[in-house]
Amino acid sequence: MTLVKKKFLLSFTPSIVNEPITYKMVKEFDLMVNILRAEVSERGGRLLIEVDGKPSQVSKGVGFLKSAGVEVKELNEYVNRDEDRCTHCGACLSICPADAFEIDGMSWKVSFKAAKCIACGLCIDTCPPRAMKLRIW
Amino acid sequence: MRTYEEINEKIKRGDVVVMTAEEVIKVVESQGLESATKEVDVVTTGTFGAMCSSGAFLNFGHSEPPIKMQKVWLNDVPAYTGLAAVDAYIGATELKENGDLDYGGAHVIEELIAGKPVHLRATAYGTDCYPRRSIDTYISLKTINQAYLFNPRNAYQNYAVATNSSDTTLFTYMGKLLPNYGNATYSSSGQLSPLLKDPCCRTIGIGSRIFIGGAKGFVAWEGTQYNTAVPTRNGVPTRAARTLAVIGDMKEMSTEFVRALYFHRYGVSLAVGIGVPIPILDSEVMKYASLSDKELFAPVLDYSLQSRSRNPLKEVSYAELRSGFIELYGKKVKTSSLSSYYKARIIAEKLKTMIEEGEFLLTRPVHGLPSERAFKPLDIRSKEEV
Ligand code: SF4
Ligand code: SF4
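Described in the following lines is the structure provided in the data block.

As for the packing of aromatic side chains
- Counted according to the given criterion, the structure contains 13 aromatic pairs over all chains.
- Between A:Phe29 and A:Phe64, the aromatic rings sit 5.7 Å apart at their centres with planes inclined by 40 degrees, giving tilted as the arrangement. Taken together, the residues A:Phe29 in helix H1 (residues 21-29) and A:Phe64 in helix H2 (residues 55-67) connect sequence positions 35 residues apart. Just as A:Phe29 is buried, A:Phe64 falls in that class too.
- Plain terms: the ring middles of B:Tyr181 and B:Tyr329 are 5.5 Å apart, the flat faces sit at 55 degrees to each other, and that makes the pair tilted. Pair noted here: B:Tyr181 is in the loop between strand E13 (175-177) and strand E14 (183-186) and B:Tyr329 is in the loop between strand E25 (325-328) and strand E26 (331-337), with a separation of 148 residues, a long-range link.
- Given the relative accessible area of 18%, B:Tyr181 is considered buried.
- Through successive ring pairs, a cluster of aromatic residues spans B:Tyr156, B:Tyr159, B:Tyr173, B:Tyr266 and B:Tyr303.
- Note that B:Arg322 overlies the ring of A:Trp108, its terminal NZ or CZ placed 5.5 Å from the centroid.

This is the structure we're talking about:
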């Protein structure tokens, strides 16, 4: 059985912020959950997680979260690149902890592999022409 | 062996042989220096990086009634107008007057080149000949008279590699430097870089026609901080050394080669694309023009030391830098370029095509650049000590 890896942005209303919902999800659905970003404010909480597991378990886990009142949004892209602004300098190469940027040694073009991104946000203020933009959060 | 006039004749006839500074490396390797010198007439170079010492002279034309502008803002970025009535200079690093660090003169310049409207505000004290006290209007490159970049210091011959030994992240004009030698940044196109390929400026001088920002421009003067008193390797400076003051018409430029930059918590800068053709006058010119990244070196400096005299930790070649890693104290440190090699190559190739197609003739410098020039520091002195 192949495992899938997906990213979700979870939004909690203030009333459920204190409940151990993600803990239950890990336990009951046998998922590996990696917390990429977390934020709590008076408006509630937001959690960016990466979930590893069997596809059926992942969708069951998501179903559980929704039934518990959590707003769940699957994220395909955390940051995106404005291709017109990117100058292919490479400033991002030594900053990204996930090696989501690759430089081609022939064309010297820098490509952005969104699938590798772990949503740390470091590239955003690293990119001098400001080509990297936050999509969410 | 070959003169500027002969090269221009060949350009006009359409049989000139031009190669980029990258292509010529292989030709010299395979055929030898003498044979390559005979074959190739011109080598083209290119660079595209942050050049803070840049800015534009603008002439807005006269309003009715006329105004002698005393203060000028373009998209709320102050421009210098201590010149004649409607002349101004907008510096690339000047910031918008609202406390934000991320919009400045470089953005105004980029927007003008993009053909966008720019908000012009000016105030004045009013004179008998210039009664108007203020103006609020929009301009674009089409509505104004002259608009030319005049950059006092561009195309640095070489530059430092920046790293950070401290335990906090530093935000510098060399980009984000991660703690404990977490990364190293550099900013030169190395084997494509104009002044590294003519290290003593034998062919580059005042009046040399160059590619700047997509336009044909000229070398106007020695650049500020021009410095010849530096160590060399293979006859090429291994420190920040010579620089160029350059000029070019913004109306012919393209945002492909002029780009506003923002360095987080440092400020605004302008990336300028510059390409310089090197006429292969003899084999000595060719020897330097064909040096490769393996033979060109830059000093690694620790930017956590806040001093003007930092001793290099070591020298590294551009080949090492471009490999993605350098070694520091036994540790592999990831490297990032701040200038775009991809764009530098496009510039060198574009310049090559322009010369091959007869659109770009070479000029013999009307005057050489200094062969000796020291770079002086600024110290706190009394009137008597000056
Ligand atoms: S730092 Fe920005 S401009 Fe440079 S290569 Fe990365 S995404 Fe492109
Ligand atoms: S957000 Fe972080 S992980 Fe994602 S691309 Fe940017 S630096 Fe890499």
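Some words on the pairing of strand E7 (residues 87-91) of chain B
Residues and elements named next belong to chain B.
- Burial within E7 is extensive, with four of its five residues counted as buried.
- Bridge count between strand E4 (residues 55-59) and E7: five bridges; the pairing is antiparallel. Within E7, the residue paired with Ala56 across the bridge is Ile90.

Looking at the pairing of strand E23 (residues 297-302) of chain B
Residue and element names in this part refer to chain B.
- Taken across its six residues, E23 has six buried, putting it largely inside the fold.
- By the bridge criterion, three bridges tie strand E11 (residues 161-163) to E23 in an arrangement that is parallel. Bridge pairing in E23 places Ala162 opposite Leu301.
- In the sheet, E23 pairs with strand E24 (residues 314-317) via four bridges, with the strands oriented antiparallel. For Ala298, the partnering residue across the bridge sits in E24 and is Val316.

Focus: the packing of H1(A) against H2(A)
Residue and element names in this part refer to chain A.
- Where H1 contacts H2, the two axes come as close as 10 Å, and the packing angle between them is 150 degrees. Considering their axes alone, H1 and H2 lie roughly antiparallel with respect to each other. Between H1 and H2 lies a crossing whose hand is right-handed. Contacts between H1 and H2 involve Ile21, Lys24, Met25 and Phe29 from the former and Gln57, Lys60, Gly61, Phe64 and Leu65 from the latter.
- Taken together, the residues that form the contact of H1 with H2 break down as five nonpolar, two polar and two charged.

Some points on the interface of chain B and chain A
- Taken together, the contacts link 26 residues of chain B with 25 residues of chain A.
- Summing the contributions of chain B and of chain A, the shared interface buries around 2,000 Å²; its carbon and sulfur component is 51%.
- The tally of links from chain B across to chain A stands at four salt bridges.
- A:Asp99 is the salt-bridge partner of B:Lys334, the closest N and O atoms lying 2.8 Å from each other.
- Scanning the region where chain B abuts chain A turns up 19 residue pairs in polar contact (both at pLDDT 80 or more).
- For the side of chain B that touches chain A, the elements supplying multiple residues, two or more each, are strand E20 (258-263), E26 and helix H7 (341-356) of chain B.

A look at the nonpolar core
Residue and element names in this part refer to chain B.
- Counting 54 residues, the largest nonpolar core has Leu58, Phe60, Met69, Leu74, Ile90, Ile109 and Met250 as the members making the most contacts within it.
- The leading source of residues in this core is helix H4 (residues 105-113), at five residues.
- Every residue in contact with Phe60, bar those within four places of it in the chain, is listed here: Met69, Val72, Leu74, Val86, Ala88, Leu120, Ile139, Ile144 and Asn145.

Quick word on the sheet that holds strand E1 (residues 18-20) of chain B
Residue and element names in this part refer to chain B.
- In space, the three strands of this open sheet follow the order E1-E2-E22, with mixed pairing throughout. Looking along the sheet, the strands with just one partner apiece sit at the ends: E1 and strand E22 (277-279). Shown here is a sheet whose adjacent strand axes are inclined to one another by a mean of 25 degrees, direction ignored.
- The sheet contact formed by E1 and strand E2 (residues 42-44) spans three bridges and is parallel. Within E2, the position partnered with Met19 by the bridge is Val43.
- Running over the sheet, H7 touches E1, E2 and E22 and is turned about 175 degrees from E1.

Comments concerning the sheet that holds strand E1 (residues 4-12) of chain A
Residues and elements named next belong to chain A.
- Strand order in the open sheet formed by four strands is E2-E3-E1-E4, with antiparallel pairing between adjacent strands. The open sheet has two edge strands with one neighbour each: strand E2 (32-41) and strand E4 (71-75). Strand-to-strand twist of the sheet, defined as the mean angle between neighbouring strand axes without regard to direction, takes the value 20 degrees.
- By the bridge criterion, nine bridges tie E2 to strand E3 (residues 44-53) in an arrangement that is antiparallel. Paired with Asn34 across the two strands is Glu50, which belongs to E3.
- Running at roughly 15 degrees to E3, H1 makes contact with E1, E2 and E3 of the sheet.

Overview of the environment of B:Asn75
Residue and element names in this part refer to chain B.
- Looking at the secondary structure, you find Asn75 in the loop between strand E5 (71-74) and strand E6 (77-79).
- C-alpha of Asn75 to C-alpha of Thr137: the two residues are 62 residues apart in sequence and 11 Å apart in space.
- Excluding its chain neighbours within four sequence positions, the residues that come into contact with Asn75 are Lys96, Tyr103, Val108, Glu111, Val118 and His119.
- Polar side-chain contacts of Asn75 include one of 3.3 Å to the side chain of Glu111.

Let's talk about the pattern of salt bridges
- Within this structure, the stated rule accounts for 27 salt bridges over all chains.
- A salt bridge links A:Lys116 to A:Glu102; its shortest N-O distance comes to 3.1 Å. Placement of the pair is A:Lys116 in the loop between strand E7 (110-112) and strand E8 (132-134) and A:Glu102 in strand E6 (residues 101-103), with a sequence separation of 14 residues.
- B:Asp15 is the salt-bridge partner of B:Arg13, the closest N and O atoms lying 3.3 Å from each other.
- We classify B:Asp15 as partly exposed; its relative accessible area is 39%.
- A single salt-bridge network, built from bridges that share partners, covers A:Arg85, B:Glu110 and B:Arg259.

Thresholds, definitions, all that
Residues numbered from 1 in each chain as written. Chains lettered and ligands numbered in written order. Predicted model: local features only at pLDDT ≥ 70, side-chain atom pairs only at ≥ 80, totals over all residues. Heavy atoms only, no water. Phe/Tyr/Trp six-rings, centres within 6.5 Å; stacked < 30°, edge-to-face > 60°. Helix = DSSP H or I, 4+ residues; strand = E, 2+ residues; numbered from the N terminus. Buried < 20%, exposed > 50% of the residue type's maximum accessible area, 1.4 Å probe, protein only. Lys NZ or Arg CZ within 6 Å of the ring centre and 35° of its normal. Pairing = 2+ DSSP bridges. Axes fitted to C-alpha atoms, helices over the stretch in contact; angles between N-to-C directions. Parallel < 35°, antiparallel > 145°, perpendicular 65-115°, else oblique. Left-handed = near helix turned anticlockwise from the far one by under 90°. Contact = heavy atoms within 4.5 Å. Nonpolar A, V, L, I, M, F, W, Y, C, P; charged D, E, K, R; others polar. Buried area = accessible area lost by both parts, 1.4 Å probe. Salt bridge = Lys/Arg side-chain N within 4 Å of Asp/Glu carboxyl O. Polar contact = N/O pair within 3.5 Å; in protein donor to acceptor, adjacent residues only side chain to side chain. Core = buried A, V, L, I, M, F, W, Y, C linked by side-chain atoms within 4.5 Å.

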